[in-house]
Amino acid sequence: MSRVLIKNANLITMDEKFSGDCMIIDNGRILAVGKEEKLILDKVKGADVVDMKGATILPGFIDPHGHFFISAMAHKLFADVSCYPIGKIRNISMLIHALRNYGKAHPGKDPIIGFGFDDTLAEEYRMPTAEDLDQVSAERSVIVLHTSLHMLSANTTAMRKAGIVDCSFQPECGRVYYENGRPTGIFEESDAMMPIVKKVLSAKMVLSVLKAMEEESERYLQKGITTVCEGAGNMAGIYKLAYKCHRMKNRAIVCQSLKADGKLPSRIVFEDGKRLIDGPVKLIADGSIQAYTAYLTIPYYQNHPTRPKPEGYCGNPGMPKEKLEQALDEIGKAGRTFAVHCNGDAALDMVLDAFSQAPHADKEARNLIIHCQTAREDQLDRMKELGMLPSFFPAHVYVWGDSHVHTFLGAERGSRIDPVGSAVGRQMCFTLHNDAPVTEPSPLTLIWNTVCRTTQKGAVIAPEQCISVYEALKGVTCNAAFQYGIEGWLGTLTPGKRADFVVLDRNILTVPAEELRNIEIAEVWVDGKRSK
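This one's a predicted model, so the numbers in the text were calculated from it and none came from an experiment.

Scoring rules and cut-offs
Residues numbered from 1 in each chain as written. Predicted model: local features only at pLDDT ≥ 70, side-chain atom pairs only at ≥ 80, totals over all residues. Heavy atoms only, no water. Helix = DSSP H or I, 4+ residues; strand = E, 2+ residues; numbered from the N terminus. Rg over C-alpha atoms; globule rule 2.2 N^0.38 Å. Buried < 20%, exposed > 50% of the residue type's maximum accessible area, 1.4 Å probe, protein only. Contact = heavy atoms within 4.5 Å. Areas by Shrake-Rupley, 256 points an atom, 1.4 Å probe, with all protein chains shown as cover. Lys, Arg positive; Asp, Glu negative; His and termini not counted. Charge placed at Lys NZ, Arg CZ, Asp CG, Glu CD. Arc of directions from axis to C-beta. Pairing = 2+ DSSP bridges. Core = buried A, V, L, I, M, F, W, Y, C linked by side-chain atoms within 4.5 Å. 1 Å grid on protein atoms, 1.4 Å probe; cavity = no way out; pocket = protein on both sides within 12 Å on 5 of 7 lines; lining within 4 Å. Points joined across faces, edges and corners; volume = space filled by probe spheres on them. Nonpolar A, V, L, I, M, F, W, Y, C, P; charged D, E, K, R; others polar. Axes fitted to C-alpha atoms, helices over the stretch in contact; angles between N-to-C directions. Parallel < 35°, antiparallel > 145°, perpendicular 65-115°, else oblique. Salt bridge = Lys/Arg side-chain N within 4 Å of Asp/Glu carboxyl O. Left-handed = near helix turned anticlockwise from the far one by under 90°.

Things to note about the overall build of the chain
Scanning the chain from N- to C-terminus turns up 18 helices and 24 strands. The C-alpha radius of gyration of the chain comes to 23 Å, within 12% of the 24 Å expected for a compact globule of 532 residues. Taking the principal axes of the C-alpha coordinates as reference, the chain spans close to 80 × 50 × 45 Å. Out of the 532 residues in the chain, the part that is buried amounts to 59%. Here the contacts in the chain between residues at least 6 apart in sequence split such that 71% fall between residues at least 24 apart. Carbon and sulfur atoms make up 50% of the accessible area of the chain, which amounts to about 21200 Å² in all. Here the chain holds 62 positive side-chain charges and 65 negative ones, and the gap between their average locations is 5 Å.

Printed below as a string of structure tokens:
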């Protein structure tokens, strides 16, 4: 039966013009929303009737920024070496033990890859060196990816396969650590990491991820995410294959990166345009605050104890200013949009200056600032003036908020990370993301992060930046659809839209704020069909 009547529901449509307790779905689209007794009877003749018994229904959650493909690989193909309290690893010894066990459980010649390690949470407060990882295996490549994805460690075998055996490799951006003319095994940022990654991630491994993508698709649906995001890279081909092989139930926004020669990636063309969505061009303006690679205007509050930086260190840009200016102009000239990674305020200044000077800049285009973690008030004013839209990463507040305040940024800057309240006050169209697999994909937890702004130690930081539940919901529904230009068919429960929605076990607008992250997803529907 192609027609469905959803009745006796608490509909939160995310469009104030529409409300009611029932919804008619026809061939995957929402036909009508309203009070059951007022709907035209012939619209529901022969329809399947689903009684929600008062349950709360919301539009399907849209992930506005993450790395679905990497998240799939991390869960299926990598060893989990997350540090406590996120995971179980507390020190380098436990890391080595976990990687050895993973190697024994997965014998052969394939590389041993660990994901999720965070040196700032480890007892030694350092990344493992090649000497450490050589204890795992001297024959197989061994790498450990930092939880931020902005740093890695490699053993001697992995470095040798990448041709990095002395201090001759000096990347344009990023850093390789050397000691006595030899690499220590620690690499910061993509330019430095890429030779290792290219050698370790084989074509065989990438193709084997199709099964992982299928499992990850289900995992995201369990979180209510009906539209996932691939926030960087050149993954269009693997997504097309996943859809053709029926491995993906969610829709996917795919943001492609600049090519190695600096040219724009081709637009994504797919016969089922409602599933695979061509996103903006992705650029990287800096790194990660917890990796000490974000680009700040004021130096880091405390120096890193095991990777010390020079006095007055503020981080570094992720790409040369001239290259950024050229890329922004080429994107505007091509009539396309961009999504630029900016954690530090100096990186954001660089982007704002470059965009304001670009001859082909389009203020009406929906260009995105991803993370926007340390945006100042004056920068938010400039962003609004230039038509740029922020996507915040409020999971930082809970996971790293204490460290931001006491170690990375200091009290004044660290407490106001992810200033969502300031964006709401300016009536800016913002979104909320987890940057998975950096943190677990969980829109309901993001809402809790933004409403409560509570750290792991129970501190509430910058309470003036807290927002209402309803405003936070916009960040994973209607605002996310608008930022990616898909508001014509996703983001609200209104006639004509695709019937993607989630059913909650409680009313999200009335539960106590501290319970928001404990709400359960009871059902998930995609294109008018129950997926969970």
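A look at helix H8 (residues 236-244)
For H8, the set of buried residues is Ala 236, Ile 238, Tyr 239, Ala 242 and Tyr 243. The buried residues of H8 occupy an angular sector of 165° when projected down its axis, which confines them to one face. Positive phi appears at His 246, one or two residues downstream of H8, with a value of about 60°.

Brief notes about the sheet that holds strand E15 (residues 251-254)
Spatial strand order, E7-E14-E15-E16: four strands in an open sheet with parallel pairing. For this open sheet the edge positions go to strand E7 (61-62) and strand E16 (276-278), each flanked by a neighbour on one side alone. Here E7 pairs with strand E14 (residues 225-230) via two bridges, running parallel. Its bridge partner being in E14, Phe 61 is matched across the sheet by Ile 225.

Quick notes on the sheet that holds strand E9 (residues 112-117)
In spatial order, the strands read E8-E9-E10-E11-E13-E12; together these six strands make up an open sheet with mixed pairing. In the strand order of this sheet, the two ends are held by strand E8 (79-80) and strand E12 (175-179), each with one partner. Of the strand pairs in this sheet, E8 and E9 are connected by two bridges, and their pairing is parallel. Across the sheet, residue Asp 80 finds its bridge partner in E9, namely Phe 115.

A word on the nonpolar core
Most often, soluble globular proteins keep nonpolar side chains buried together rather than apart. Formed by 107 residues in total, the largest nonpolar core has its most connected members in Phe 187, Ile 196, Met 213, Tyr 239, Leu 283, Ile 447 and Ile 508. The residues contacting Met 213, other than those within four sequence positions of it, are Phe 68, Phe 69, Ala 72, Ile 238, Tyr 239, Ala 242, Arg 247 and Met 248. Formed by 21 residues, the second largest nonpolar core is a distinct cluster that contains Ile 92, Ala 122, Val 136 and Val 144.

A closer look at the pairing of E12
Relative to strand E13 (residues 182-188), E12 runs antiparallel, the two being bridged by four bridges. Counted as the bridge partner of Val 176 is Phe 187 from E13. Hairpin geometry of E12 and E13 is characterised by an intervening segment of two residues between the two adjacent antiparallel strands and by a positive phi of about 55° at Asn 180.

Digging into empty space enclosed by the protein
If you walk through the whole model with that rule in mind, you get four cavities of 30 Å³ or more. In this model, the largest cavity occupies a volume close to 60 Å³. Around the largest cavity, the lining residues are Ser 148, His 150, Ser 288, Ile 289, Gln 290, His 341, Asn 343, His 371, Phe 393, His 396, Asp 435 and Val 438. Along the lines of polarity and charge, the residues of the lining of the largest cavity split into three nonpolar, eight polar and one charged.

Quick look at the packing of helix H7 (residues 209-222) against H8
The geometry of H7 relative to H8 is characterised by a closest axis approach of 10 Å and an angle of 70° between their N-to-C directions. With respect to H8, the element H7 is oriented roughly perpendicular. For the pair H7 and H8, the contacting residues are Val 209, Leu 210 and Met 213 in the first and Ile 238, Tyr 239, Leu 241 and Ala 242 in the second. Among the residues making up the contact of H7 with H8, the classes are represented as seven nonpolar, no polar and no charged.

Re the pattern of salt bridges
Considering all chains together, one arrives at 31 salt bridges under this definition. Residues Arg 307 and Asp 119 are paired through a salt bridge, measuring 2.7 Å at the closest nitrogen-oxygen approach. Taken as a pair, Arg 307 in the loop between strand E17 (281-284) and helix H9 (321-333) and Asp 119 in the loop between E9 and helix H3 (130-134) lie far apart in primary sequence, 188 residues in all. Residue classification places Arg 307 among the buried positions, given a relative accessible area of 3%.

So, the layout of surface pockets
Of the pockets and cavities examined, the second largest pocket occupies roughly 600 Å³. Along the wall of the second largest pocket there are 26 residues; nearest its centre are Ile 86, Pro 437, Val 438, Thr 439 and Glu 440. Put simply, the parts of the chain that give the lining of the second largest pocket at least two residues each are helix H1 (68-76), E8, E9, helix H12 (395-399) and helix H16 (443-452). Classifying every residue of the lining of the second largest pocket by side-chain character gives twelve nonpolar, eleven polar and three charged.

A few points about the packing of helix H10 (residues 345-357) against helix H11 (residues 377-386)
Between H10 and H11, the least distance of the axes is 11 Å, while the angle of their chain directions is 30°. Between H10 and H11, the angle falls in the class roughly parallel. The handedness of the crossing between H10 and H11 is left-handed. Residue-level contacts link Asp 345, Leu 348, Asp 349, Leu 352, Asp 353, Phe 355 and Ser 356 of H10 to Gln 379, Arg 382, Met 383 and Leu 386 of H11. Here the contact of H10 with H11 is built from residues that sort into five nonpolar, two polar and four charged.

From the geometry alone we can't say anything about function, so treat these as descriptive.
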